[in-house]
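# A look at the structure
Chain by chain, the residues:
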Amino acid sequence: MLSANTQQGVEELLLEKGIINKQQLDDFKLRALHESQPLMSILLDAGLIDNEEMTRILAKASGLQYVNLSGVVVPQPILSMISRETAEAYMAVPFGKVDGRLAVAMVDPSNLQAVDYLNRKVGEPLVTFMASQEGVQTVMLQYAAEITGDLKKIVQNATEQDERNEKKTGAKSLQNLVQDAPISKALTTILEYAVNSRASDIHVEPREGDLRIRFRIDGVLQETMKLPKTIEPALVSRIKILSNLKIDEHRIPQDGQFVIKVSKQEVDLRIAISPVVWGEQIVIRLLNKDSEMLTLESLGFKGRAYRNIIEGIKKPHGMTLSTGPTGSGKSTTLYAALVAIKNVKINIVTLEDPVEYKMEGVNQIQINTDVGLTFASGLRSILRQDPNVIMVGEIRDQETANLAVQSALTGHVVLSTIHTNSAAGVLPRLLDMGVEPFLVGSTVNTVIGQRLVRRVCPTCREEYPASDAEVISIKETLTGVLPKSTDDLEKAKTDYGYETLPLEGQSAYTLYRGKGCKDCKEGYKGRTGIYEVFTMSEAMEDLLVKKATTSEIQIQAQKDGMVTMKQDGYLKALNAHTTLEEVARVASDF
């Protein structure tokens, strides 16, 4: 909670920097009061400022020193003056010396107790600076060298202890090794490193001569470390014990879960173990239970696509369906849609497998097939709970599809996901599941197709002129999308929601790429979505009755004004959000 003086200072700086005008300030203050949110959070959600700018303004308004840690490389002797555990606990990292004193960047330097503790811990006077959470996390990643070194020592100690046990008893004692502190510490170190690296998945892959650990960061797998083959049985068994799985079962796949706490944040881990040629492969999915809920705007929905979704979910009944491959953000899109309509006047019930985000004011049900709680049986039960909005994690079979359609027909708003390659494939898929064409036409409000692409790193982003091949590709892809003249420009900006819209047929375009820095991976940091969204029209209903193909529905959707995923990706590339290479990686067929 900001003091009155700080709040006034923030507002003056926002006006002085031209981020918003007086009328907008009044509007946003009213919205902040109505939604019980800080003004800066509202501006952040609206995309008017980023975290770094927000931190800079808050620091100046509070009379605190500010530092931007993006791209800062901290010497190891300075970094070692505050331990990794202390840095994580207080969100405070050392980054240099100022007038002979240790300079420490903190998310909250006004926390005098934390500053006093750090003073005593370091044993010398400090000078504190305010930094964004992302900036502090960037420096924390530089503890990686220390983490890798620690892990090697842990593994070496465990291996030596295993060898001593073998010499003493004549056989390796797996049970003892699994329970030993070195193995527990090794696993904890790997998990903490993954969380701090923003990994969404950890792949533990046994090979003939070693154990490979890979992290999926921003949707791309990256080899992180290799461990000795000797540690594999103990590490796998330790994960099984924590997940309540059978430690002696090596022939069939097993699924489990457990929770860890990193930097005061709870992270839900979903475990999938499968037997492979050289042992047992483990894939761990990380779900941050305390992560901030995203909005449709922050996910990358813009213009007509955004308005179509809002109109669809605010109707009194009907279905909104999201489609895409596993890991393309379908569930996150549905959560963001729930955020847009959630209030105390409606009853929202969800059926999920798994429950990825905990939402205040929403009744969430976890699927449990072991006791017969499936999507179909759960949906029948939900209909007796007087819901206004129902979210079904996935429509997998004919029974669930028919129940979802019946729910939409009887006055409920239904949100769900379905697996197809494109938005146009959703309607034929429902027909294939046995839903009558006239029912599909009368219940489906909105269909969303999506993929995730990596964002260009804002720290090291640079402009460059599109090559001849890129110019040709842009022209071919965006024909009929880009405005033909300056008279059409404003309408096109309203339709598509992008500020940068070159005219159709021009001979040169400006694109963006990341040079690569300490703040990113290969010039990318974070992800955004590329989307295609269409609503049900009379022409589309006529095609359904005729049981049209996916390609026919795709053509009609584009006639009705749908921007394809590839086109949306190209528009994002022209607006510095991503690159043409990223769009081609995930949406080359569309």
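Everything discussed here concerns the structure shown above.
Structure report, in brief. Here the structure is a predicted model, which means the values were calculated and not measured. (Residues numbered from 1 in each chain as written. Predicted model: local features only at pLDDT ≥ 70, side-chain atom pairs only at ≥ 80, totals over all residues. Heavy atoms only, no water.)

Across its full length, the protein chain holds 24 helices and 18 strands. Taken over the C-alpha trace, the protein chain has a radius of gyration of 26 Å; the compact-globule value for 590 residues is 25 Å, and the two agree within 12%. Overall size of the protein chain, expressed as C-alpha extent along the three principal axes, is 80 × 65 × 55 Å. Looking at the protein chain as a whole, 51% of its 590 residues qualify as buried. Put simply, 64% of the contacts in the protein chain that link residues at least 6 apart link residues at least 24 apart. (Helix = DSSP H or I, 4+ residues; strand = E, 2+ residues; numbered from the N terminus. Rg over C-alpha atoms; globule rule 2.2 N^0.38 Å. Buried < 20%, exposed > 50% of the residue type's maximum accessible area, 1.4 Å probe, protein only. Contact = heavy atoms within 4.5 Å.)

With that settled, the discussion passes to the packing of aromatic side chains. Going through the model one piece at a time under the given rule, you end up with 4 aromatic pairs. Summarising the aromatic geometry, the rings of Phe-301 and Tyr-531 are spaced 3.7 Å apart at their centres and angled 25° between planes, so their arrangement reads as stacked. Here Phe-301 is found in the loop between strand S9 (279-288) and helix H13 (303-313), whereas its partner Tyr-531 is found in strand S18 (residues 524-535), with 230 residues between them in sequence. Across this residue pair, the class does not change: Phe-301 and Tyr-531 are buried. (Phe/Tyr/Trp six-rings, centres within 6.5 Å; stacked < 30°, edge-to-face > 60°.)

Take the environment of Ile-395 next. Examined against the element boundaries, Ile-395 turns out to sit in the loop between strand S13 (389-392) and helix H16 (398-409). Of the residues examined, Ile-395 reaches a relative accessible area of 2% and is grouped as buried. Residues Ile-395 and Thr-417, 22 residues apart in the sequence, show an inter-C-alpha distance of 6.2 Å. Discounting residues that sit within four places of it in the chain, Ile-395 has contacts with Leu-321, Thr-400, Ala-401, Ala-404, Ser-416, Thr-417, Ile-418 and Met-433.

Strand pairing in a sheet relies on backbone hydrogen bonds. The paired strands run either parallel or antiparallel. With mixed pairing, the 3 strands of this open sheet are ordered in space as S1-S2-S3. Of all strands in the sheet, those bounded by a partner on one side alone are strand S1 (92-98) and strand S3 (126-130). The average angle at which neighbouring strand axes cross in this sheet is 30°, direction not considered. In this sheet, S3 lies alongside strand S2 (residues 101-106) in parallel orientation, the contact comprising 5 bridges. Within S3, the position partnered with Met-106 by the bridge is Met-130. Sheet contacts for helix H8 (residues 133-140): S1 and S2; angle to S1, the most-contacted strand, approximately 80°. (Pairing = 2+ DSSP bridges. Axes fitted to C-alpha atoms, helices over the stretch in contact; angles between N-to-C directions.)

A word on the environment of Asn-21. Within the fold, Asn-21 resides in the loop between helix H1 (4-16) and helix H2 (22-35). Assessed through its relative accessible area of 40%, Asn-21 is described here as partly exposed. Measuring from C-alpha to C-alpha, the distance between Asn-21 and Gln-556 comes to 42 Å, with 535 residues separating the pair along the chain. For Asn-21, the side chain forms a polar contact with the main-chain nitrogen of Gln-23, separated by 3.2 Å. (Polar contact = N/O pair within 3.5 Å; in protein donor to acceptor, adjacent residues only side chain to side chain.)

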